[in-house]
Amino acid sequence: MPVAVAALLESGDRCRRIGCARRLRHDLTHALGSAAVPSPVTRRSRPSTVWHLRKESAVSHHLDTPLAAQTGQLFLDDLCVFPGEDSTVLVMDVNSTINGLHSEPSFHPEGRYEFKIHFDGAEFEELTYRISFAEPDADGWQALQVHELTGGDARDDSADGELLLEGRTGESSGDSGARIWAGRIKDWFYTDLSLLSKINAAVNDGNAVDMSGWRPQSAINNFAGTTVDSIVLEISHRHPRLRPGHRIGVWAATKLATDAGGWRQVNRAGHPMMWPIFWPADVHFDQPFDTQHVSQDVESDRAHIAEHIAATIAAGKSSADPTGYAQTVAHELFPDVLSYTVGTPATYGFAVRNGRTLADNAPEVMLSLVTGTAIPSGLDPTSNEQFRTAEFPYVVPA
(Lines give C-alpha, C1' and ligand atoms only; values in the text may rest on other atoms or scores of the structure.)
Protein backbone atom coordinates (compact mmCIF):
# COMPACT_ATOMS: atom_id res chain seq x y z
CA MET A 1 0.00 0.00 0.00
CA PRO A 2 1.53 3.40 -1.00
CA VAL A 3 2.80 5.71 1.73
CA ALA A 4 0.35 8.41 0.60
CA VAL A 5 -2.53 6.04 1.23
CA ALA A 6 -1.24 4.98 4.63
CA ALA A 7 -0.93 8.65 5.54
CA LEU A 8 -4.65 9.08 4.99
CA LEU A 9 -5.28 6.52 7.70
CA GLU A 10 -2.73 7.96 10.11
CA SER A 11 -4.32 11.39 9.85
CA GLY A 12 -7.78 9.93 10.32
CA ASP A 13 -8.97 11.11 6.90
CA ARG A 14 -11.84 9.32 5.20
CA CYS A 15 -11.82 9.69 1.43
CA ARG A 16 -15.06 9.18 -0.42
CA ARG A 17 -15.80 8.05 -3.88
CA ILE A 18 -18.77 9.12 -6.05
CA GLY A 19 -21.23 10.93 -4.44
CA CYS A 20 -20.55 8.14 -2.28
CA ALA A 21 -20.23 7.16 1.23
CA ARG A 22 -16.95 6.92 2.99
CA ARG A 23 -15.97 3.59 1.48
CA LEU A 24 -12.32 4.39 0.92
CA ARG A 25 -11.26 4.83 4.53
CA HIS A 26 -12.37 1.46 5.80
CA ASP A 27 -11.20 -0.43 2.75
CA LEU A 28 -7.71 1.00 3.13
CA THR A 29 -7.80 0.08 6.79
CA HIS A 30 -8.87 -3.43 5.87
CA ALA A 31 -6.07 -3.66 3.32
CA LEU A 32 -3.59 -2.85 6.06
CA GLY A 33 -4.98 -5.57 8.28
CA SER A 34 -7.01 -3.59 10.81
CA ALA A 35 -10.23 -4.59 12.53
CA ALA A 36 -12.89 -6.42 10.55
CA VAL A 37 -15.97 -4.72 9.17
CA PRO A 38 -19.15 -5.15 11.25
CA SER A 39 -21.39 -7.86 9.83
CA PRO A 40 -24.97 -7.15 8.82
CA VAL A 41 -27.82 -8.47 10.93
CA THR A 42 -28.71 -12.06 10.16
CA ARG A 43 -32.15 -12.20 8.57
CA ARG A 44 -34.44 -15.16 8.91
CA SER A 45 -38.08 -15.77 8.02
CA ARG A 46 -40.44 -12.81 7.66
CA PRO A 47 -43.96 -12.35 8.99
CA SER A 48 -46.56 -11.72 6.29
CA THR A 49 -48.03 -8.58 7.84
CA VAL A 50 -46.81 -5.20 6.59
CA TRP A 51 -45.97 -2.52 9.12
CA HIS A 52 -47.33 0.98 8.69
CA LEU A 53 -44.68 3.68 8.77
CA ARG A 54 -44.92 5.89 11.80
CA LYS A 55 -45.21 9.61 11.13
CA GLU A 56 -43.50 10.93 14.25
CA SER A 57 -40.87 9.84 16.72
CA ALA A 58 -42.27 9.16 20.17
CA VAL A 59 -39.27 10.67 21.93
CA SER A 60 -36.52 13.13 21.09
CA HIS A 61 -33.51 11.61 19.38
CA HIS A 62 -31.49 14.85 19.25
CA LEU A 63 -31.70 14.75 15.48
CA ASP A 64 -30.20 18.21 15.09
CA THR A 65 -26.81 17.29 16.55
CA PRO A 66 -23.89 16.86 14.12
CA LEU A 67 -23.38 13.23 15.12
CA ALA A 68 -26.99 12.30 14.33
CA ALA A 69 -26.30 12.38 10.60
CA GLN A 70 -22.97 10.55 10.75
CA THR A 71 -24.24 7.08 9.99
CA GLY A 72 -23.57 4.99 6.91
CA GLN A 73 -27.34 4.69 6.46
CA LEU A 74 -27.41 8.24 5.07
CA PHE A 75 -24.18 8.30 3.05
CA LEU A 76 -24.63 7.69 -0.65
CA ASP A 77 -22.26 5.27 -2.34
CA ASP A 78 -23.56 5.19 -5.90
CA LEU A 79 -26.24 6.35 -8.31
CA CYS A 80 -27.21 4.68 -11.59
CA VAL A 81 -29.82 5.38 -14.28
CA PHE A 82 -30.39 2.94 -17.14
CA PRO A 83 -33.14 1.34 -19.24
CA GLY A 84 -34.98 -1.67 -17.90
CA GLU A 85 -37.91 -3.64 -19.29
CA ASP A 86 -39.71 -0.84 -21.17
CA SER A 87 -38.79 1.29 -18.21
CA THR A 88 -36.27 3.55 -16.53
CA VAL A 89 -34.32 2.08 -13.62
CA LEU A 90 -32.99 4.22 -10.76
CA VAL A 91 -30.47 2.72 -8.33
CA MET A 92 -29.20 4.30 -5.12
CA ASP A 93 -26.67 2.62 -2.80
CA VAL A 94 -25.90 3.54 0.83
CA ASN A 95 -24.41 2.10 4.02
CA SER A 96 -21.45 0.12 2.70
CA THR A 97 -19.57 -2.35 4.85
CA ILE A 98 -16.32 -0.97 3.45
CA ASN A 99 -16.43 2.05 5.75
CA GLY A 100 -16.43 2.34 9.51
CA LEU A 101 -19.87 3.98 9.50
CA HIS A 102 -21.90 0.94 8.45
CA SER A 103 -24.84 0.48 10.80
CA GLU A 104 -28.06 -1.46 11.17
CA PRO A 105 -30.91 -1.43 10.36
CA SER A 106 -30.15 -1.08 6.70
CA PHE A 107 -32.09 2.17 6.19
CA HIS A 108 -32.60 5.02 8.63
CA PRO A 109 -36.19 4.94 9.98
CA GLU A 110 -36.10 8.70 10.51
CA GLY A 111 -34.56 9.45 7.14
CA ARG A 112 -35.67 9.94 3.57
CA TYR A 113 -34.09 8.66 0.36
CA GLU A 114 -34.98 10.67 -2.73
CA PHE A 115 -34.46 10.36 -6.47
CA LYS A 116 -34.64 13.87 -7.97
CA ILE A 117 -35.47 14.26 -11.67
CA HIS A 118 -35.04 17.42 -13.79
CA PHE A 119 -36.37 17.76 -17.33
CA ASP A 120 -34.68 19.35 -20.35
CA GLY A 121 -31.89 20.96 -18.35
CA ALA A 122 -34.23 22.71 -15.90
CA GLU A 123 -32.67 24.28 -12.82
CA PHE A 124 -35.04 22.53 -10.41
CA GLU A 125 -36.50 19.06 -10.18
CA GLU A 126 -40.10 18.51 -11.24
CA LEU A 127 -40.38 14.88 -10.18
CA THR A 128 -39.19 13.28 -6.95
CA TYR A 129 -39.50 9.72 -5.74
CA ARG A 130 -39.26 9.67 -1.94
CA ILE A 131 -38.59 6.39 -0.16
CA SER A 132 -39.03 6.04 3.60
CA PHE A 133 -38.60 3.09 5.94
CA ALA A 134 -40.13 1.94 9.21
CA GLU A 135 -38.32 0.65 12.27
CA PRO A 136 -37.15 -2.95 11.69
CA ASP A 137 -39.23 -5.86 12.90
CA ALA A 138 -37.86 -8.64 15.10
CA ASP A 139 -36.10 -10.22 12.12
CA GLY A 140 -34.53 -6.99 10.86
CA TRP A 141 -36.89 -6.36 7.94
CA GLN A 142 -38.30 -2.88 7.31
CA ALA A 143 -41.63 -1.80 5.82
CA LEU A 144 -41.23 0.86 3.15
CA GLN A 145 -43.26 3.41 1.23
CA VAL A 146 -42.62 5.24 -2.03
CA HIS A 147 -44.24 8.63 -2.63
CA GLU A 148 -44.25 10.47 -5.95
CA LEU A 149 -44.07 14.26 -5.86
CA THR A 150 -44.52 16.42 -8.95
CA GLY A 151 -44.23 20.09 -9.94
CA GLY A 152 -43.41 22.42 -7.06
CA ASP A 153 -44.02 19.62 -4.55
CA ALA A 154 -41.00 17.77 -5.96
CA ARG A 155 -38.70 20.19 -4.11
CA ASP A 156 -40.90 20.82 -1.07
CA ASP A 157 -39.95 18.83 2.03
CA SER A 158 -43.34 19.57 3.61
CA ALA A 159 -45.35 18.16 0.68
CA ASP A 160 -46.76 14.66 1.10
CA GLY A 161 -47.04 13.64 -2.53
CA GLU A 162 -48.93 10.58 -3.74
CA LEU A 163 -48.40 7.16 -2.20
CA LEU A 164 -47.13 5.06 -5.10
CA LEU A 165 -45.88 1.82 -3.57
CA GLU A 166 -45.74 -0.04 -0.29
CA GLY A 167 -43.63 -3.06 0.56
CA ARG A 168 -40.77 -4.28 2.69
CA THR A 169 -37.06 -4.78 2.38
CA GLY A 170 -35.82 -7.95 0.75
CA GLU A 171 -38.74 -8.42 -1.61
CA SER A 172 -40.11 -6.84 -4.78
CA SER A 173 -43.26 -4.72 -4.67
CA GLY A 174 -45.32 -3.07 -7.37
CA ASP A 175 -46.77 -3.79 -10.80
CA SER A 176 -46.12 -3.01 -14.45
CA GLY A 177 -46.30 0.73 -13.79
CA ALA A 178 -43.71 0.89 -11.01
CA ARG A 179 -41.88 -1.52 -8.77
CA ILE A 180 -39.26 -1.35 -6.05
CA TRP A 181 -36.75 -3.56 -4.32
CA ALA A 182 -34.60 -2.50 -1.37
CA GLY A 183 -32.13 -4.44 0.72
CA ARG A 184 -28.54 -5.54 1.21
CA ILE A 185 -26.63 -6.58 -1.91
CA LYS A 186 -23.20 -7.71 -3.00
CA ASP A 187 -21.44 -4.53 -4.03
CA TRP A 188 -21.08 -4.21 -7.80
CA PHE A 189 -18.70 -1.21 -7.71
CA TYR A 190 -15.13 -1.97 -8.75
CA THR A 191 -11.82 -0.12 -8.59
CA ASP A 192 -8.29 -0.42 -7.26
CA LEU A 193 -7.87 2.12 -4.48
CA SER A 194 -4.14 2.46 -4.94
CA LEU A 195 -4.81 4.01 -8.37
CA LEU A 196 -7.38 6.37 -6.88
CA SER A 197 -4.82 7.61 -4.38
CA LYS A 198 -2.49 8.64 -7.20
CA ILE A 199 -5.15 10.67 -9.02
CA ASN A 200 -6.45 12.19 -5.80
CA ALA A 201 -2.99 13.45 -4.87
CA ALA A 202 -2.41 14.98 -8.31
CA VAL A 203 -5.72 16.84 -8.50
CA ASN A 204 -5.56 18.01 -4.90
CA ASP A 205 -2.03 19.44 -5.30
CA GLY A 206 -2.27 20.52 -8.94
CA ASN A 207 0.54 18.18 -10.01
CA ALA A 208 1.04 15.79 -12.90
CA VAL A 209 -0.17 12.26 -12.18
CA ASP A 210 2.66 10.04 -10.99
CA MET A 211 1.93 6.64 -12.54
CA SER A 212 5.28 5.15 -11.58
CA GLY A 213 4.80 1.80 -9.97
CA TRP A 214 1.27 1.38 -11.33
CA ARG A 215 0.81 -1.96 -13.09
CA PRO A 216 -2.70 -2.31 -14.59
CA GLN A 217 -2.23 -6.04 -15.03
CA SER A 218 -1.84 -6.34 -11.25
CA ALA A 219 -4.95 -4.31 -10.37
CA ILE A 220 -7.33 -5.73 -7.80
CA ASN A 221 -10.95 -4.92 -7.04
CA ASN A 222 -10.90 -3.70 -3.44
CA PHE A 223 -14.69 -3.88 -3.28
CA ALA A 224 -14.96 -7.59 -3.98
CA GLY A 225 -16.56 -9.28 -0.99
CA THR A 226 -18.19 -6.12 0.39
CA THR A 227 -21.89 -5.39 0.68
CA VAL A 228 -24.04 -2.29 0.47
CA ASP A 229 -27.71 -1.37 0.90
CA SER A 230 -29.50 -0.66 -2.35
CA ILE A 231 -32.78 0.90 -3.46
CA VAL A 232 -33.87 -0.09 -6.98
CA LEU A 233 -36.88 1.76 -8.40
CA GLU A 234 -38.22 0.96 -11.87
CA ILE A 235 -40.72 3.29 -13.59
CA SER A 236 -42.58 2.29 -16.75
CA HIS A 237 -42.17 4.19 -20.00
CA ARG A 238 -45.92 4.74 -19.77
CA HIS A 239 -45.26 7.42 -17.17
CA PRO A 240 -46.21 10.75 -18.84
CA ARG A 241 -42.92 12.45 -17.88
CA LEU A 242 -40.63 9.46 -18.43
CA ARG A 243 -41.49 8.46 -21.99
CA PRO A 244 -38.72 7.49 -24.43
CA GLY A 245 -36.87 10.49 -25.82
CA HIS A 246 -37.36 12.73 -22.79
CA ARG A 247 -34.13 14.29 -21.53
CA ILE A 248 -33.69 14.03 -17.78
CA GLY A 249 -31.10 14.89 -15.15
CA VAL A 250 -31.03 12.70 -12.02
CA TRP A 251 -29.47 13.06 -8.60
CA ALA A 252 -30.07 11.40 -5.26
CA ALA A 253 -30.35 12.90 -1.79
CA THR A 254 -30.65 11.57 1.74
CA LYS A 255 -32.39 13.61 4.42
CA LEU A 256 -32.83 13.36 8.17
CA ALA A 257 -35.75 14.54 10.24
CA THR A 258 -35.08 17.47 12.58
CA ASP A 259 -36.28 17.94 16.15
CA ALA A 260 -38.34 20.91 14.96
CA GLY A 261 -40.32 18.73 12.57
CA GLY A 262 -38.53 19.63 9.34
CA TRP A 263 -35.88 17.94 7.24
CA ARG A 264 -32.22 18.56 6.49
CA GLN A 265 -30.24 17.19 3.58
CA VAL A 266 -27.31 15.06 4.69
CA ASN A 267 -25.70 13.82 1.49
CA ARG A 268 -26.25 13.71 -2.27
CA ALA A 269 -24.92 12.02 -5.40
CA GLY A 270 -24.84 12.63 -9.14
CA HIS A 271 -21.71 11.89 -11.15
CA PRO A 272 -19.49 9.06 -9.88
CA MET A 273 -16.26 9.64 -7.97
CA MET A 274 -16.84 13.30 -7.15
CA TRP A 275 -15.92 13.19 -3.45
CA PRO A 276 -12.67 11.20 -3.52
CA ILE A 277 -11.34 13.30 -6.37
CA PHE A 278 -12.38 16.80 -5.31
CA TRP A 279 -13.20 16.68 -1.56
CA PRO A 280 -11.00 13.98 0.00
CA ALA A 281 -10.62 15.97 3.23
CA ASP A 282 -14.36 16.14 3.90
CA VAL A 283 -13.92 13.93 6.97
CA HIS A 284 -16.56 15.62 9.12
CA PHE A 285 -19.16 15.66 6.32
CA ASP A 286 -19.53 19.42 6.68
CA GLN A 287 -18.78 20.55 3.13
CA PRO A 288 -21.53 22.86 1.80
CA PHE A 289 -21.62 20.62 -1.27
CA ASP A 290 -23.17 17.88 0.89
CA THR A 291 -26.22 19.89 1.81
CA GLN A 292 -26.74 22.39 -1.00
CA HIS A 293 -29.17 22.03 -3.89
CA VAL A 294 -27.66 21.26 -7.30
CA SER A 295 -28.85 24.66 -8.56
CA GLN A 296 -26.09 26.20 -6.41
CA ASP A 297 -23.27 24.10 -7.88
CA VAL A 298 -22.26 26.39 -10.72
CA GLU A 299 -21.83 29.46 -8.54
CA SER A 300 -20.22 27.70 -5.59
CA ASP A 301 -17.97 25.05 -7.12
CA ARG A 302 -17.52 25.12 -10.90
CA ALA A 303 -14.75 27.77 -11.07
CA HIS A 304 -12.85 26.37 -8.08
CA ILE A 305 -12.86 22.81 -9.42
CA ALA A 306 -11.87 24.03 -12.90
CA GLU A 307 -8.77 25.64 -11.38
CA HIS A 308 -7.70 22.34 -9.80
CA ILE A 309 -8.25 20.43 -13.04
CA ALA A 310 -6.39 23.08 -15.07
CA ALA A 311 -3.38 22.91 -12.76
CA THR A 312 -3.19 19.13 -13.12
CA ILE A 313 -3.61 19.32 -16.89
CA ALA A 314 -0.91 22.01 -17.19
CA ALA A 315 1.53 20.04 -15.02
CA GLY A 316 0.98 16.89 -17.05
CA LYS A 317 1.03 18.73 -20.40
CA SER A 318 -1.96 16.69 -21.56
CA SER A 319 -3.62 19.65 -23.32
CA ALA A 320 -2.38 22.71 -25.19
CA ASP A 321 -5.18 24.67 -23.50
CA PRO A 322 -5.38 23.53 -19.85
CA THR A 323 -7.82 26.27 -18.86
CA GLY A 324 -10.16 25.62 -21.75
CA TYR A 325 -10.09 21.87 -21.18
CA ALA A 326 -10.74 22.29 -17.46
CA GLN A 327 -13.66 24.63 -18.05
CA THR A 328 -15.20 22.13 -20.44
CA VAL A 329 -14.93 19.32 -17.89
CA ALA A 330 -16.25 21.46 -15.03
CA HIS A 331 -19.17 22.56 -17.21
CA GLU A 332 -20.11 18.91 -17.69
CA LEU A 333 -19.75 17.98 -14.02
CA PHE A 334 -21.61 20.96 -12.57
CA PRO A 335 -24.42 21.01 -11.73
CA ASP A 336 -23.82 17.53 -10.41
CA VAL A 337 -26.65 15.62 -12.09
CA LEU A 338 -26.51 12.42 -14.12
CA SER A 339 -27.90 13.16 -17.59
CA TYR A 340 -29.92 10.53 -19.45
CA THR A 341 -32.23 10.33 -22.47
CA VAL A 342 -35.10 8.03 -21.53
CA GLY A 343 -35.33 4.81 -23.53
CA THR A 344 -31.78 4.93 -24.92
CA PRO A 345 -28.85 2.65 -24.07
CA ALA A 346 -27.07 3.94 -20.98
CA THR A 347 -23.30 4.23 -20.68
CA TYR A 348 -20.88 6.24 -18.60
CA GLY A 349 -18.02 6.04 -21.08
CA PHE A 350 -15.22 8.03 -22.65
CA ALA A 351 -17.10 9.17 -25.76
CA VAL A 352 -20.63 9.28 -24.35
CA ARG A 353 -21.97 9.82 -20.83
CA ASN A 354 -25.66 8.99 -20.87
CA GLY A 355 -26.90 7.62 -17.58
CA ARG A 356 -24.82 4.93 -15.90
CA THR A 357 -25.15 1.16 -15.70
CA LEU A 358 -23.95 -1.26 -13.06
CA ALA A 359 -21.34 -2.57 -15.50
CA ASP A 360 -19.75 0.76 -16.47
CA ASN A 361 -16.13 1.34 -15.54
CA ALA A 362 -17.00 4.79 -14.23
CA PRO A 363 -13.85 5.17 -12.09
CA GLU A 364 -11.59 4.77 -15.12
CA VAL A 365 -13.66 7.30 -17.07
CA MET A 366 -13.69 9.91 -14.32
CA LEU A 367 -9.99 9.56 -13.50
CA SER A 368 -9.11 9.96 -17.16
CA LEU A 369 -11.51 12.87 -17.62
CA VAL A 370 -10.08 15.02 -14.83
CA THR A 371 -6.46 14.35 -15.79
CA GLY A 372 -6.88 14.71 -19.55
CA THR A 373 -5.09 11.47 -20.29
CA ALA A 374 -5.93 7.77 -20.47
CA ILE A 375 -5.70 6.16 -17.04
CA PRO A 376 -5.80 2.36 -17.39
CA SER A 377 -7.54 0.90 -14.36
CA GLY A 378 -6.63 -2.69 -15.14
CA LEU A 379 -10.26 -3.69 -14.46
CA ASP A 380 -13.27 -4.11 -16.76
CA PRO A 381 -16.96 -5.08 -16.53
CA THR A 382 -16.06 -8.73 -16.05
CA SER A 383 -14.82 -7.67 -12.60
CA ASN A 384 -18.40 -7.43 -11.32
CA GLU A 385 -20.49 -9.56 -13.67
CA GLN A 386 -21.40 -11.94 -10.84
CA PHE A 387 -22.84 -9.02 -8.85
CA ARG A 388 -25.46 -7.85 -11.38
CA THR A 389 -28.28 -9.43 -13.39
CA ALA A 390 -30.26 -8.64 -16.54
CA GLU A 391 -33.63 -8.82 -14.76
CA PHE A 392 -35.28 -6.84 -11.97
CA PRO A 393 -33.97 -5.94 -9.43
CA TYR A 394 -30.72 -6.08 -11.46
CA VAL A 395 -28.62 -6.39 -8.29
CA VAL A 396 -27.63 -9.54 -6.37
CA PRO A 397 -28.95 -9.80 -2.81
CA ALA A 398 -26.30 -10.58 -0.20
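These numbers were taken from a predicted model, which means no experiment stands behind them. (Residues numbered from 1 in each chain as written. Predicted model: local features only at pLDDT ≥ 70, side-chain atom pairs only at ≥ 80, totals over all residues. Heavy atoms only, no water.)

Novice: Lay out the packing of helix H7 (residues 322-333) against helix H8 (residues 362-371) with the relevant residues and their values.
Specialist: Packed helices, taken two at a time, are described by their axes: the angle between them and the distance between them. Contact geometry of H7 with H8 gives a least axis separation of 9 Å together with a crossing angle of 140°. By the criterion of interaxial angle, the relationship of H7 to H8 is oblique. Residues Tyr325, Val329 and Leu333 of H7 form the contact with H8, whose own contacting residues are Met366, Ser368 and Leu369. (Axes fitted to C-alpha atoms, helices over the stretch in contact; angles between N-to-C directions. Helix = DSSP H or I, 4+ residues; strand = E, 2+ residues; numbered from the N terminus. Parallel < 35°, antiparallel > 145°, perpendicular 65-115°, else oblique. Contact = heavy atoms within 4.5 Å.)

Novice: An account of the side chain of aspartate 78 is needed here, citing residue identities and associated values.
Specialist: With respect to the element layout, aspartate 78 can be found in strand S1 (residues 76-83). Of the polar contacts made by the side chain of aspartate 78, one reaches the side chain of arginine 356; its length is 3.0 Å. (Polar contact = N/O pair within 3.5 Å; in protein donor to acceptor, adjacent residues only side chain to side chain.)

Novice: Residue-level account of the pattern of salt bridges, with values.
Specialist: Applying the stated rule across the entire model yields 14 salt bridges. Among the ionic pairs, arginine 130 bridges to glutamate 114, the shortest N-O distance being 2.8 Å. With arginine 130 in strand S4 (residues 127-133) and glutamate 114 in strand S3 (residues 111-119), this residue pair connects regions lying 16 residues apart in the sequence. Both residues of the pair, arginine 130 and glutamate 114, belong to the buried class. Where aspartate 120 meets arginine 247, a salt bridge forms, and the shortest distance between an N and an O atom there is 3.6 Å. Placement of the pair is aspartate 120 in the loop between S3 and S4 and arginine 247 in strand S10 (residues 247-257), with a sequence separation of 127 residues. Looking at arginine 247, the relative accessible area reads 46%, which means it is partly exposed. Counted as one network, the salt bridges with shared partners bring together Glu114, Lys116, Glu125, Arg130, Asp157 and Lys255. (Salt bridge = Lys/Arg side-chain N within 4 Å of Asp/Glu carboxyl O. Buried < 20%, exposed > 50% of the residue type's maximum accessible area, 1.4 Å probe, protein only.)

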